[in-house]
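Each chain, written out:
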Amino acid sequence: VGLQNYRDIFTDATFLNSLRVSVIFSILSVSLIVVISVMLALLLNETFLGRGVMRSLMLLPWAIPGVVNGMMWSWIFNAKVGAFNGLLYSLGLIDSYQRWLSTPTSALLVAVFAHVWNMVPFSVIILLAGLASIPDELYDAARVDRCGLIARFRHVTLPWLLHPLLIVLILQTMNAFRTFDTIYILTRGGPGEATNVIALPTVRT
């Protein structure tokens, strides 16, 4: 058949929609993972009481399998007995329980949140290794030059983190495009085609 299979798939509406959803999902999740990971890595790189415990606890979300992760967040965002609805209701932020996994936008955001929560620890580990390699003399020299916190991050920390950040971007982009188990457990690709990422149509057929 030559290249006919490729022509067919790139004219298939289901595939094109799943590709669009995967791109949106990847951009949102990778952006959040990078920002949150940098902030947590900077925090955990500081010296404070209980830092070792905090670093150990940071690994817990990453140790949870994708299926278990999906089940956990599906319970939390459950429309009838979910803890998230209960929290918002008790704070007076909502008048009734919301169906977070039944509307396209909120379902996609929940899927992104669940994926980010699961993947952030791995990125934090990579960035912590990068921060540990930065010589203290550079920070001492920056303080002598009266560089503030933001200036030290921009001119000392960030240049040394470029390679670890590139690794994080590559790995997390690959993980985002390959995500299957968490989304399958959470939404089965629904509602409609809102969370039908590129890994799901194959399973459906």
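Cut-offs used in this document
- The residue numbers shown here count from 1 along each chain, following its written sequence.
- In view of the model being predicted, local features appear only for residues whose pLDDT reaches at least 70, and side-chain atom pairs are presented and counted only at 80 or more, with totals across whole chains, interfaces and linings using the full set of residues.
- Side-chain metrics rest on all non-hydrogen atoms present in the structure, leaving aside hydrogens and water.
- Helix and strand labels come from DSSP, where a helix needs a run of H or I of at least four residues and a strand needs a run of E of at least two; each type is numbered from the N terminus.
- Expected helix span is taken as 1.5 Å per residue step, with the number of steps being one fewer than the number of residues.
- Polar contact criterion, stated in full: a pair of N or O atoms within 3.5 Å, where within protein one must be able to donate a hydrogen and the other to accept it, and residues adjacent in sequence count only if both atoms are side-chain atoms.
- Side-chain rings of Phe, Tyr and Trp (the six-membered ring for Trp) are treated as a pair once their centres are within 6.5 Å; stacked means planes under 30 degrees apart, edge-to-face means over 60, and tilted covers the remaining angles.
- Only protein chains enter the area calculation, which uses a 1.4 Å probe; residues under 20% of their type maximum are buried, those over 50% are exposed, and those in between are partly exposed.
- Here, nonpolar core means buried Ala, Val, Leu, Ile, Met, Phe, Trp, Tyr and Cys residues that are tied together by side-chain atoms lying within 4.5 Å of each other.
- In what follows, residue pairs with any heavy atoms lying within 4.5 Å of each other are defined as contacts.
- Confidence of the predictor at the level of single residues is captured by pLDDT, which takes values from 0 to 100.
- Just to be clear on terms, a salt bridge is a Lys or Arg side-chain nitrogen sitting within 4 Å of an Asp or Glu carboxyl oxygen.
- Residues form patches when they are more than 30% accessible in relative terms and have no salt bridge. Like charges link within 9 Å. Nonpolar side chains (Val, Leu, Ile, Met, Phe, Trp, Tyr) link within 5 Å.
- Residue burial considers only the protein chains on display, and all accessible areas are found by Shrake-Rupley using a 1.4 Å probe.
- For every element, the axis is a line fit to its C-alpha atoms; helices are fit only across the contacting stretch, and the angle between N-to-C directions ranges from 0 to 180 degrees.
- These descriptions rest on fixed angle ranges, namely under 35 degrees for roughly parallel, over 145 for roughly antiparallel, 65 to 115 for roughly perpendicular, and the rest for oblique.
- Throughout, a crossing is termed right-handed when the near helix is turned clockwise from the far one, and left-handed when it is turned anticlockwise from it by less than a right angle.

Trainee: Would you mind going over helix H2 (residues 13-45) in detail, with residue names and values included?
Mentor: Spanning 33 residues, H2 covers 47 Å between terminal C-alpha atoms, matching the ideal 48 Å at 1.5 Å per step. Where H2 starts, the residue carrying a side-chain oxygen 3.2 Å from the main-chain nitrogen of Thr14 turns out to be Asp12.

Trainee: Please give an account of the packing of aromatic side chains that cites residues and values.
Mentor: Each aromatic ring pair is summarised here by two numbers: the centre-to-centre distance and the angle between the ring planes. By the definition in use, this model includes 9 aromatic pairs. An angle of 25 degrees between the planes, with centres 5.2 Å apart, marks the rings of Phe180 and Tyr184 as stacked. Its relative accessible area of 28% is what places Phe180 among the partly exposed residues. Three or more aromatic residues joined by ring pairs make a cluster, and in this case those are Trp73, Phe77, Phe84, Trp100, Phe113 and Trp117.

Trainee: Tell me about the nonpolar core, and please be specific about residues and values.
Mentor: One recurring pattern in soluble globular proteins is that nonpolar side chains are buried together. Counting 37 residues, the largest nonpolar core has Phe25, Val124, Leu127 and Leu186 as the members making the most contacts within it. Those elements that provide at least two residues to this core are H2, helix H7 (104-132), helix H8 (136-144), helix H9 (149-178) and helix H10 (181-186). Among the elements that take part in this core, H7 stands out by supplying 13 residues, more than any other. Ignoring any residue separated from it by four or fewer positions in sequence, one finds Leu127 in contact with Ser37, Val38, Ala41, Leu161, Pro164, Leu165 and Val168.

Trainee: Could you give me a rundown of the confidence of the model for the chain, with the residues and numbers involved?
Mentor: With 98% of its residues at a pLDDT of 70 or more, the chain has an overall mean of 91. Model confidence for the chain, summarised as mean pLDDT per element, is weakest for helix H11 (residues 200-204) at 62 and strongest for H7 at 95.

Trainee: Break down the side chain of Ser123 for me, citing the residues and quoting the values.
Mentor: In this structure, Ser123 sits in helix H7. The exposure class assigned to Ser123 is buried, which follows from its relative accessible area of 0%. Not counting residues up to four positions away in its chain, the partners in contact with Ser123 are Ile33, Ser37, Val168 and Gln172.

Trainee: Residues and numbers for the pattern of salt bridges, please.
Mentor: A full pass over the atoms with the stated rule returns 1 salt bridge. Where Arg143 meets Asp140, a salt bridge forms, and the shortest distance between an N and an O atom there is 3.4 Å. Pair noted here: Arg143 and Asp140 are both in helix H8, with a separation of 3 residues, about one helical turn.

Trainee: Could you give me a rundown of the environment of Gly189, with the residues and numbers involved?
Mentor: Turning to its location among the elements, Gly189 is positioned in the loop between H10 and H11. Gly189 gets classed as buried once you look at its relative accessible area, which sits at 0%.

Trainee: Run through the side chain of Ser29, naming residues and quoting values.
Mentor: Structurally, Ser29 can be placed in helix H2. By relative accessible area, Ser29 is classed as buried at 0%. For Ser29, the contacting residues outside a window of four places in its chain are Val112, His115, Val116 and Ala176.

Trainee: Describe a nonpolar patch on the surface, with residues and values.
Mentor: Side chains of Leu43, Phe48, Val53, Met54, Leu57 and Leu60 sit close together on the surface and give an oily, nonpolar patch of about 550 Å² of accessible area. At 3 residues, the largest contribution of residues to the nonpolar patch is made by helix H3 (residues 51-58). Tracing the chain through its elements places Leu43 in helix H2. Given the relative accessible area of 46%, Leu43 is considered partly exposed.

Trainee: How would you summarise the packing of H7 against H9 if you had to cite specific residues and measurements?
Mentor: To describe two helices that pack against each other, one gives the angle between their axes and the distance between the axes. The interhelical angle for the contact between H7 and H9, taken along N-to-C directions, is 150 degrees, at an axis separation of 9 Å. Considering the angle they form, H7 stands roughly antiparallel to H9. Remark: the crossing between H7 and H9 carries right-handed chirality. The segment H7 lies against H9, with His115, Met119, Phe122, Ser123, Ile126, Leu127, Gly130 and Leu131 engaging Thr157, Leu161, Pro164, Leu165, Ile167, Val168, Leu171, Gln172, Asn175 and Ala176.

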